[in-house]
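What follows is the residue order along each chain.
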Number of protein chains: 2
Amino acid sequence: MDVRLAKRAQEISPFYVMELLRRAKQLEAQGKDIIHMEIGEPDFTTPPAIMEAGIRQLKTGEVKYTPAAGLPELREKIAEFYRQRYAVTVDKKRIFVTPGASGAFLLALGVTLNPEEELLMADPCYPCNSNFIRLFDGKARTLPVDAASRYQLTAAQIKQHWTKNTKGVLIASPSNPTGTLIGAEQLKQAVHTVNALGGCFYSDEIYHGLVYDDKATTALEFSDNVFVINSFSKYFGMTGWRVGWLIVPEAFIDATEKLAQNIFIATATHSQYAALAAFDPHTLAELEHRRAEFERRRDFLYDALLNLGFEIPIKPDGAFYIYANCSKFTDDSFQFALDLLEAEGVAVTPGKDFGINEANHYLRFAYTTSIDRMIVAMQRLDRFINKG
Amino acid sequence: MDVRLAKRAQEISPFYVMELLRRAKQLEAQGKDIIHMEIGEPDFTTPPAIMEAGIRQLKTGEVKYTPAAGLPELREKIAEFYRQRYAVTVDKKRIFVTPGASGAFLLALGVTLNPEEELLMADPCYPCNSNFIRLFDGKARTLPVDAASRYQLTAAQIKQHWTKNTKGVLIASPSNPTGTLIGAEQLKQAVHTVNALGGCFYSDEIYHGLVYDDKATTALEFSDNVFVINSFSKYFGMTGWRVGWLIVPEAFIDATEKLAQNIFIATATHSQYAALAAFDPHTLAELEHRRAEFERRRDFLYDALLNLGFEIPIKPDGAFYIYANCSKFTDDSFQFALDLLEAEGVAVTPGKDFGINEANHYLRFAYTTSIDRMIVAMQRLDRFINKG
Ligand SMILES: Cc1ncc(COP(=O)(O)O)c(C=O)c1O
Ligand SMILES: Cc1ncc(COP(=O)(O)O)c(C=O)c1O
């Protein structure tokens with residue numbers, strides 16, 4: 001290791017699933033059939049109208065930098081989306097188009113987090129969170145959560161763990177890996193608590209479109225004093241386009257704009273033009289079909305995993321993940337995942353990619369593959385478990 | 001200002017040119033003809049073969065995340081480009097595809113720079129540099145340069161200003177705003193000096209394709225122990241596509257890959273596929289025509305500005321900028337730029353966007369517009385100067 005490596009870079013942990021992916025690739029190269037249930041992106045293609053809008057823009061040849069905050073008409077459409085979907089009014093000046101939710105995290109934490117300041121977040125959670133915090137030399141303070149709070153932080157937890165070094169709270173609903181929504185009342189309490197404590201509230205709403213029973217609630221319903229992170233990646237089927245958005249409190253507009261100008265210049269132009277078509281009624285209708293398909297898959301997988309003896313304390317509400325307790329079969333879910341891949345060619349993500357809270361007893365199954373493939377995966381899983 | 005704003009965000013200075021741009025927009029809305037000589041991107045469209053490669057990819061609909069380090073075939077092509085253009089061998093594992101040179105800066109500084117560490121760089125230089133450094137809570141230590149060293153740092157300066165807090169040195173050649181190249185010998189000495197001091201050497205080579213007399217030298221010719229930042233934005237005419245690259249020393253490969261996975265996930269997929277066509281012989285031939293046109297423009301503008309009484313101590317070698325001394329006309333180049341815009345509708349960038357070294361005596365003229373338009377601009381500039 002080079003002594004010139006920044007301290008933060010030394011502390012970034014690898015994704016364990018990468019080790020599985022490497023092995024999966026080798027096995028595939030040997031001709032083995034691998035069922036991928038570790039993948040965090042929709043298997044659907046980008047909806048045609050979005051794709052065509054992107055192509056139309058490219059054909060002009062005028063693929064120049066856009067304003068740093070994004071195309072004005074896209075910011076307007078996003079504001080309109082909040083009016084229609086959530087009956088919430090957001091000044092479009094507060095909306096920044098970013099290179100994915102990833103870019104939104106960079107901006108939101110870049111304008112707020114000082115070195116040594118702490119953010120509170122749930123364990124388990126999206127593994128990049130702590131590394132975004134580390135990027136700015138802050139500290140991720142993860143708090144264990146369980147089914148009792150739908151794997152989401154509560155206001156009581158926030159109050160209890162708040163210290164003078166705490167900068168704020170980051171939640172994601174539906175959560176990756178658990179797929180659980182935070183209840184509207186729980187979210188409201190959390191937002192109000194953080195506001196009262198004078199902290200920053202960051203709400204990752206990237207899986208909002210993908211909920212199956214209840215309705216997802218945006219943090220903006222309870223306060224304008226929140227950072228909302230969202231993206232065209234998941235619900236809109238645009239992962240590879242790298243386009244998302246960030247909504248900031250009024251007082252942060254100028255700083256966010258300056259930071260965006262400096263570190264991104266702008267988000268990819270054709271991706272922004274393509275995203276303009278994401279809110280067309282036609283496209284939204286198609287996305288609703290896909291959502292229904294994801295719901296069928298969730299129901300299938302939920303039942304199948306329970307039947308095999310996995311424990312799933314609450315049925316996930318959204319995203320495309322089931323976080324299943326496998327303690328009936330193993331005390332080392334990473335080894336279990338490696339063995340399952342080796343023996344049966346089924347790839348899943350080990351709990352330890354999402355934290356340390358009971359991580360060795362959990363596996364994340366992504367239903368980003370068809371029910372037909374999942375039927376085969378479940379047969380293989382059954383054989384794997386019952387042969388042991 | 002919100003007390004929750006991070007310290008770094010409070011310190012990021014705005015681009016002064018933004019004020020000019022806002023005013024230019026207002027004037028344009030009033031029907032006034034504005035000649036834009038402040039714009040840092042080519043006026044040419046993206047070459048057709050690149051555009052078509054992007055469209056082909058989009059049409060598949062499979063716009064999924066790529067590996068974090070980029071498409072393997074693009075990394076291979078970039079390695080091949082180094083073999084052909086510079087006769088330098090670069091292991092493709094050291095090459096990371098990024099969202100523009102901007103993304104390359106994020107990665108390079110993210111994996112190396114600790115809070116409070118200093119980087120040495122020239123004043124004047126690209127304004128985002130200090131803000132990238134600030135993002136990681138490091139310190140930009142700018143050293144005044146002048147025509148004697150072609151506006152580039154020398155080994156002697158580096159040695160003189162090196163302290164125990166110095167992490168490394170950042171150079172850009174050709175420079176933005178001066179357009180001057182660092183000589184091969186000067187670059188070699190600088191690289192060897194930084195290596196001997198145990199620091200990091202960052203070489204921004206984004207304007208390499210756009211040089212008109214001499215040949216540009218990559219820092220990789222003198223050491224593998226350097227960070228090279230480059231992009232498809234300028235020479236390849238792909239600003240809005242947001243695709244560039246970073247080359248890291250061997251020892252930084254793992255850390256860079258982990259950081260890229262976490263903060264970007266990946267660079268836009270279709271932009272990467274499009275960039276695959278950037279090295280086609282056809283495309284390169286077309287880009288050479290454009291380079292010749294930029295050369296004609298440089299020659300025209302250089303002569304015209306000298307004729308008007310601006311001082312340009314050395315003829316710029318590349319990029320599409322001329323950094324002209326206007327002390328014959330004003331001691332406040334920013335006010336001069338504002339007045340010129342107001343009176344004559346010519347937009348240029350004030351020196352103070354690039355540093356503090358004699359900044360009030362300089363203006364940056366970008367020749368990203370046609371000679372026909374520049375002829376009109378020079379007539380207006382003449383009238384502006386001689387009416388006063
Ligand atoms: C919870 C969560 N937030 C943010 C992201 C970042 O996605 P993107 O940058 O593609 O918008 C992901 C991607 O997997 C995620 O799962
Ligand atoms: C010197 C220099 N470096 C880097 C960049 C960043 O360009 P991009 O992110 O589009 O590759 C620019 C853009 O103007 C520049 O002038």
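Residues numbered from 1 in each chain as written. Chains lettered and ligands numbered in written order. Predicted model: local features only at pLDDT ≥ 70, side-chain atom pairs only at ≥ 80, totals over all residues. Heavy atoms only, no water.

An unreviewed UniProt entry lists chain A under the name Aminotransferase, with Candidatus Methylobacter titanis as the source organism. Within the UniProt record for chain A, the comment given under Cofactor (unreviewed entry) is "pyridoxal 5'-phosphate". On record in UniProt, under Sequence similarities (unreviewed entry), the comment for chain A is "Belongs to the class-I pyridoxal-phosphate-dependent aminotransferase family." (UniProt positions renumbered as here; feature names shortened; annotations may be inferred.)

*Asks:* Now, about the domain arrangement of chain A: what can you tell me, with residues and values included?
*Replies:* Residue and element names in this part refer to chain A. One can read the domain layout of chain A as domain 1 (7-45 + 283-385) and domain 2 (48-280). Here the C-alpha centre of domain 2 lies 25 Å away from the C-alpha centre of domain 1. Listed as interface residues are 37 residues of domain 1 and, on the opposing side, 42 residues of domain 2. Where domain 1 abuts domain 2, roughly 3400 Å² becomes buried across the two surfaces, and 55% of that area is made up of carbon and sulfur atoms. (Domains from an automatic or database assignment. Contact = heavy atoms within 4.5 Å. Buried area = accessible area lost by both parts, 1.4 Å probe.)

*Asks:* Summarise the pairing of strand β8 (residues 244-247) of chain A; cite the residues concerned and give the values.
*Replies:* All names here are of chain A. Of the two faces of β8, the one holding Gly244 and Leu246 and the one holding Trp245 and Ile247 are both buried throughout. In this sheet, β8 lies alongside strand β2 (residues 95-98) in antiparallel orientation, the contact comprising four bridges. Looking at β8, one finds that valine 97 is bridged to tryptophan 245. In the sheet, strand β7 (residues 227-231) pairs with β8 via four bridges, with the strands oriented antiparallel. Considered in β8, the bridge of serine 231 is made with glycine 244. (Buried < 20%, exposed > 50% of the residue type's maximum accessible area, 1.4 Å probe, protein only. Helix = DSSP H or I, 4+ residues; strand = E, 2+ residues; numbered from the N terminus. Pairing = 2+ DSSP bridges.)

*Asks:* Lay out the pairing of strand β4 (residues 139-144) of chain A with the relevant residues and their values.
*Replies:* Residue and element names in this part refer to chain A. Of the strand pairs in this sheet, strand β3 (residues 118-123) and β4 are connected by six bridges, and their pairing is parallel. From the neighbouring strand, leucine 119 faces β4, where its bridge partner is alanine 140. As a crossover connection, the stretch from β3 through helix α6 (residues 128-135) into β4 is right-handed. (Right-handed = clockwise from strand over helix to strand, strands pointing away.)

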